[in-house]
Amino acid sequence: MDALAQACEDIARVSSKLKKIQRLAAYLQPLDECDLLLAVQFLSAGPAAQPGVNQTLFPAEEKTSLSVGRAIIREALQMATGWDREILRICFSETGDSGETASLLLRGLSADEPMALRDAEQLYTQLSLARTSTRKRELLTQIYLRYRPLTIKYFIKIITRGLRIGLMERMVEEAVALACAVPAASVREANNRLGDLPQVALAARRGELASIETRLFHPMDFMLAKPLERLEDLADPAHWFIEDKYDGIRSQIHFDNGQVRIFSRGMEELTQAFPEIAAAWKNIPGKGIVDGELLAWRDGRPLNFNILQQRIARKRVRATLIQEVPVIFMGYDVLLHNDTLLLNKSFEPRRQALESILENAPPLLHISQQHKAATLEDVDRLFRESRERGNEGLLLKRKGSLYEPGKRTGAWRKLKRPFGTLDVVITAAEQGNGRRAIYFSDYTFAVRTPSGGFANIGKAYSGLTNNEIKELTKILRAASTEKFGRVILVNPEVVLEVAFDGVQKSPRHKSGYALRFPRILRWRKDKKSDQSDDLARVEALYNSSLVSPPASNCRPPA
Amino acid sequence: MQVQFTEDGIHLPEIGLWLDNTQPCAAAWLSHAHSDHARGCHAQVIGTPATLRLYRMRLSLAENQEAPKMFPLNFGESMPWNGATLTAYPASHILGAAQLLIEFAGERLVYTGDIKLRPPLAGDTTEVIACHRLIIESTFGLPIYKLLTREAAAQRIIRFAQECFDEGQTPAFTGYPLGRGQEIVHVLANAGFRTAVHGAIAKFIPVYEDHGFRFPGWETYEAKAIAGKALVVVPDHGRVLESSGKNIRRAYVSGWAALDNARLRGGAEELIPYSDHADFGELLELVERSGASHVDVVHGYTEPFAHILRSRGLSASAPQRASDRTNIEAEG
C-alpha cells in the first residue's frame, strides 16, 4: 500500500497520459498475483471488502459498503490529532479532500509503520465489519496513528472513491496491459466483456484473457447517449438508425430459459418491483442480456414518468397497483444472445438478434421501432411524431457502432426538448469539488411565494462557464448572509434560467416540489429577483404533467 | 498603547504612525515593499534602506506630486518617533522586510509585517523579539500548512530542473516579481544552470546584488531562445509558456503548493511548497517565543489562527474583519 500511494503521488505529478500509464505499469509489474488483484481493485473500484468484487458491476445483494462516511473520517481525525471541529472544518474546506487533509494533519503524529496491500484489505474488512459508527471511528483513529501519512492519504481516497490523480479506468487498463506484456486492446475488450478489471488483470497476468466470458445475472454498465443540443449539429442524418427516446426506467434484462433478473442503471435489482415483466421474460427461450426501458403504458401510449414512479419505490407490488399502473418493457439493444457476445459487434447484427429474441414475444414485451431519415427535415418530422406518441424525443444510433458499456461516446445521441424552463433565484451556494473546490459552483435555487418570500425548489451545478462561475463566486460571496461549512446562504439576488425534464412533488424542498434533471441554461443578468417565476407557475406545470405530454408546440430545440 | 485596526492599515494614534497603510497618510511604517503593504504616497515613510529603495522603484508619482519624505532605519537601529522608540529587525520575508518594535510608555509592541522564521533561500535571517503585544500575520495559519526548509526547497528546485533537462524539456518556475522570483533565480544560478529571467523579476536583481547576493550568469528571458535554460517567470507568463506548445514543464514554488489543488489552480505539474511566509509551525513558535501576553492576528486565516492560540491558553484576537483568504491569489 505504501508503494501504491507513492505511485499515485508520482502519477499526480505528471500530466502526460503516457507517463502516468508507464509509472503505474512499473508499479504493477513486479506485484504477485494477489497484490496485483488488490492494487487494481483499489485503483479502479474502491475498497471492496471482498477481493475481486467489482463495486460498479456486482449484483446488488453482494454489495458491501464500508459505511465509513465523511463524518466518521473527520471525527476519527479529530480524535487522532486533537484539532477541534471548527479547525478541521476549515482545513477540509481548503483542501477539498478528506484523504489529503488527514495526511497533512497526521505528519509527525503517526508511528509510520509500513502497510502492505493485504494489510489494507484486512483493515477495510475490519472497518466494514465494525457494527457501530463508534467502533468504526475508533478503528480508523488507530489506523491514522499507526501508518504513514502518505499511505493514509490514499487509504482514505480509496474509501471516498476519488483518487483525483488524473487516472481514468482506460489508463489503468493500458497500464495492466503494459505490465503484463499483452496488447492494450485485449485488456480493454476483456474488461468490456467482464466489467471486472481486477479479474481481467489477473487473467492478463496468466495469459488467459481470451477465456474471459460475460457473466449472466451480473449487471453490466449501460451505454449512454450524448445529448444533441441542436438538430443542425447532426452532420449526416442518413448515417443513423433512429428510434424514439423513451422516458421510463432504463433497465437490463438477464434471462436464461425461465430464469430472469431485471437491473436498473443504478445496478439495483428491479425484478420484484416488476413481476409481470419478469414473468413475460420467462417465456423467452434461450439466454441473453437485453437493454431497454420500462414504461408505464395504457392504450398503446406511454404514461408520464410521474405515474411510473409509483412502481419504483416498493420492493413488492400489490396486484391492484399492477392494474393501476400497467407497465411494459421496450427493448432496444442486446449485449449477449445465447453464447454469442454481441457487445463488440456492430448495431445491425445486434438489432437482428433483438428482433429474433422478441419475435412472438408476449404482449408486455415490445421492440423499439426503427426509423430512417435522409434529411434533417425527416429527423425533425420524426421528432414531432415521437412527441405525438408521448415520447421524449429521439435516440440516434450510429450505423456500425459497437455497444460500449458505461461510455457516452457519441455513437448514440439523444435529441430531447426540456419539459420546461423557469427563472429561479439563487438562495444558497456550495463550494465545488476538485477543480472547482475554490469556487461556489453548486447552487440551490428558489421560486417566489405568494407571501413575497422564496421557497427552494432544486439544486444545479452544470451549465455555466468557468468564467461565469468565477464571477458568480465573487457576487455570491458579497451577498452571503451566513456560512455553514462549504455552504453559504445568500440574499436572493441572482436569477438563473434553468431547464428541467419534469416536476415532481417532493418533501425535500420547502416549495413542496422538485425538478427532474435541472440544469442551468443561462444567467439572467437582465432580471431582478422579483421578476423570477413563482410557485403558482410550478403548480401549473406539475398539474399539466399529470396528463400525457402535449403533442403541440414540441419542435426539437433549434 | 492604543492600536486601531482599520480596513486600510493599523493606526497608532498616540504616536501618529500608521503601519502598512494602503491609503495616503501623514506617516507610515513600510514593513516591506510588496504592493499590498507599501503603496500610496504618504507624507513621511519609515522603512529599511532596501525597502525604501524598492518602494521608490514601484512608486509612480503624479506630476507636481511631492515625493514622500523618507526615514531609513537599518536593522538593529532605533529612532525616536513622537515619544516612542522604533527599532527595526529582520523579517526574512523578502529583501529589506522588517519587523518593527515600538516601545512606548513602558510597553513593547512588535508588528511583524509579513514574516518568515526559518532562513530564506536568499535574504536576511529573522530574530524573535520579546514583547508584550504582538501583531502577527497568519497567511499559512492552519495546521495543514507545513512548508519546506530552505535546503529541501533548493534541492527540489534543482532536482526538477535536472529532471526536465534529462528528458529534453524546459523547466519553467513561476514566482512573484519581488522576492520569490529572485530566490528561485539565486538557487538555479548558483547550481550552475543557465537561467533566463522574466523582465518583471529581473529588474529587482540589481537591488539584491547590491545587498550582497550573487546570481552568476543569469540572463534576461527571450521567448526565442529558451532551449537549455531554466526559466523563471511570473505566474501569468507561466500559463502563456505552457500553451505555447513548447516542450515546457512548470513548477510552482509557493506555500499554496502545499495543497494538491494548487495543481489545478495554477496548472503546474510540480508543486514545491516553499514560501517567504512562516508556515503554521513557525507562526506558533514565533508567538510562543515572543512571550507576548496578547496577540493580534491581522492577515490570512486570522479567525482560525486566533482560535488556535486561544485554545492554547493565550490571549489572541483577530481584530480586522477576517479576510477568509477572499483574495485567493494572495501572494504566498
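Residues numbered from 1 in each chain as written. Chains lettered and ligands numbered in written order. Predicted model: local features only at pLDDT ≥ 70, side-chain atom pairs only at ≥ 80, totals over all residues.

Peer 1: Hey, could you go over the overall build of chain A for me, with residue numbers and the actual values?
Peer 2: Regarding its fold elements, chain A presents 19 helices and 20 strands. Taken against the 2.2 N^0.38 rule, which gives 24 Å for 558 residues, the C-alpha radius of gyration of chain A at 26 Å falls within 12% of a compact globule. Taken along its principal axes, the extent of the C-alpha atoms in chain A is 70 × 65 × 50 Å. Sorting the 558 residues of chain A into buried and exposed places 44% on the buried side. Within chain A, counting contacts between residues at least 6 apart in sequence, those at least 24 apart form 70% of the total. (Helix = DSSP H or I, 4+ residues; strand = E, 2+ residues; numbered from the N terminus. Rg over C-alpha atoms; globule rule 2.2 N^0.38 Å. Buried ≥ 20, exposed ≤ 12 C-beta atoms within 10 Å, placed from the backbone. Contact = placed C-beta atoms within 7 Å.)

Peer 1: How would you explain the overall build of chain B if you had to name every residue and give the values?
Peer 2: Along the backbone of chain B there are nine helices and 19 strands. Here the C-alpha atoms of chain B give a radius of gyration of 20 Å, agreeing with the 20 Å that 2.2 N^0.38 yields for 332 residues. Seen through its principal axes, chain B has C-alpha atoms that stretch 65 × 50 × 30 Å. Counting all 332 residues of chain B, 52% fall into the buried class. Summarising the internal contacts of chain B: among those between residues at least 6 apart in sequence, 58% fall at separations of at least 24.

Peer 1: Explain the domain arrangement of chain A to me, using residue names and the numbers behind them.
Peer 2: On domain assignment, one finds that chain A holds domain 1 (2-160), domain 2 (226-416) and domain 3 (420-545). Taking only C-alpha atoms, the centre of domain 1 of chain A and the centre of domain 3 of chain A are 35 Å apart. (Domains from an automatic or database assignment.)

Peer 1: Summarise the packing of helix α3 (residues 33-44) of chain A against helix α10 (residues 169-180) of chain A; cite the residues concerned and give the values.
Peer 2: Residues and elements named next belong to chain A. Direction vectors running N to C along α3 and α10 enclose 165°, while the axes themselves pass 10 Å from each other. When the axis of α3 is compared with that of α10, the two are roughly antiparallel. When you trace α3 past α10, the crossing you get is right-handed. Contacts from Val40, Leu43 and Ser44 of α3 reach α10 at Glu169, Val172 and Val176. Tallied by class, residues from the contact of α3 with α10 come to four nonpolar, one polar and one charged. (Axes fitted to C-alpha atoms, helices over the stretch in contact; angles between N-to-C directions. Parallel < 35°, antiparallel > 145°, perpendicular 65-115°, else oblique. Left-handed = near helix turned anticlockwise from the far one by under 90°. Nonpolar A, V, L, I, M, F, W, Y, C, P; charged D, E, K, R; others polar.)

Peer 1: Which residues make up the sheet that holds strand β11 (residues 412-416) of chain A, and what are the values?
Peer 2: Residues and elements named next belong to chain A. A sheet is described by the order of its strands in space; here four strands give the open sequence β1-β11-β10-β2, paired in mixed fashion. On the outer flanks of this sheet lie β1 (226-227) and β2 (240-245), each paired with one strand and no other. When β1 meets β11, the two strands line up parallel, connected through two bridges. Its bridge partner lying in β11, Lys226 is registered against Arg413. Contacts from helix α17 (residues 376-388) reach β2, β10 (393-398) and β11, with the element oriented near 130° to β10. (Pairing = 2+ DSSP bridges.)

Peer 1: Would you mind going over helix α6 (residues 98-106) of chain A in detail, with residue names and values included?
Peer 2: Residues and elements named next belong to chain A. In terms of burial, α6 is largely enclosed, as nine of its nine residues are buried. The set of residues buried in α6 consists of Ser98, Gly99, Glu100, Thr101, Ala102, Ser103, Leu104, Leu105 and Leu106. Looking at the buried side of α6, the elements it contacts are α4 (70-81), α5 (85-95), α8 (133-146) and α9 (149-160). Once α6 finishes, Gly108 follows within two positions and takes phi at roughly 85°, a positive value.

Peer 1: Tell me what's going on with the sheet that holds strand β16 (residues 248-253) of chain B, and back it up with residues and numbers.
Peer 2: All names here are of chain B. Reading across from one edge, β14-β13-β15-β12-β16-β17 is the order of the six strands in this open sheet, with parallel pairing throughout. Two strands close off the open sheet at either side, each with one partner strand: β14 (219-220) and β17 (270-272). Pairing between strand β12 (residues 170-174) and β16: five bridges, direction parallel. By the bridge assignment for β16, Ala172 is matched with Arg250.

Peer 1: Before we move on, can you summarise the packing of helix α2 (residues 17-28) of chain A against α10 of chain A with the specific residues and values?
Peer 2: Residue and element names in this part refer to chain A. At a closest axis distance of 8 Å, the pairing of α2 and α10 adopts a crossing angle of 50°. With respect to each other, α2 and α10 are oriented oblique. α2 and α10 meet at a crossing whose hand is right-handed. Packed against α2, whose contacting residues are Lys17, Lys20, Ile21, Leu24, Ala25 and Leu28, the element α10 presents Met171, Val172, Glu174, Ala175, Val176, Leu178 and Ala179 at the interface. Its residues placed into classes, the contact of α2 with α10 shows 10 nonpolar, no polar and three charged.

Peer 1: Provide a residue-level description of the domain arrangement of chain B, including the pertinent values.
Peer 2: Residues and elements named next belong to chain B. As assigned here, chain B comprises domain 1 (4-144 + 277-317) and domain 2 (150-272). Here domain 1 and domain 2 have C-alpha centroids that lie 28 Å from each other. With 17 residues of domain 1 in contact, the opposing surface of domain 2 contributes 16 residues.

Peer 1: Explain the environment of Ile242 of chain A residue by residue, including any values.
Peer 2: All names here are of chain A. Tracing the backbone shows Ile242 in strand β2. Given 22 C-beta atoms within 10 Å, Ile242 falls into the buried group. In the structure, Ile242 is positioned 136 residues away from Leu106 in sequence and 57 Å away in space, judged by C-alpha atoms. Each residue touching Ile242, except ones within four places of it in the same chain, is listed here: Gln370, His371, Lys372, Ala373, Val379, Leu382, Leu394 and Leu396.

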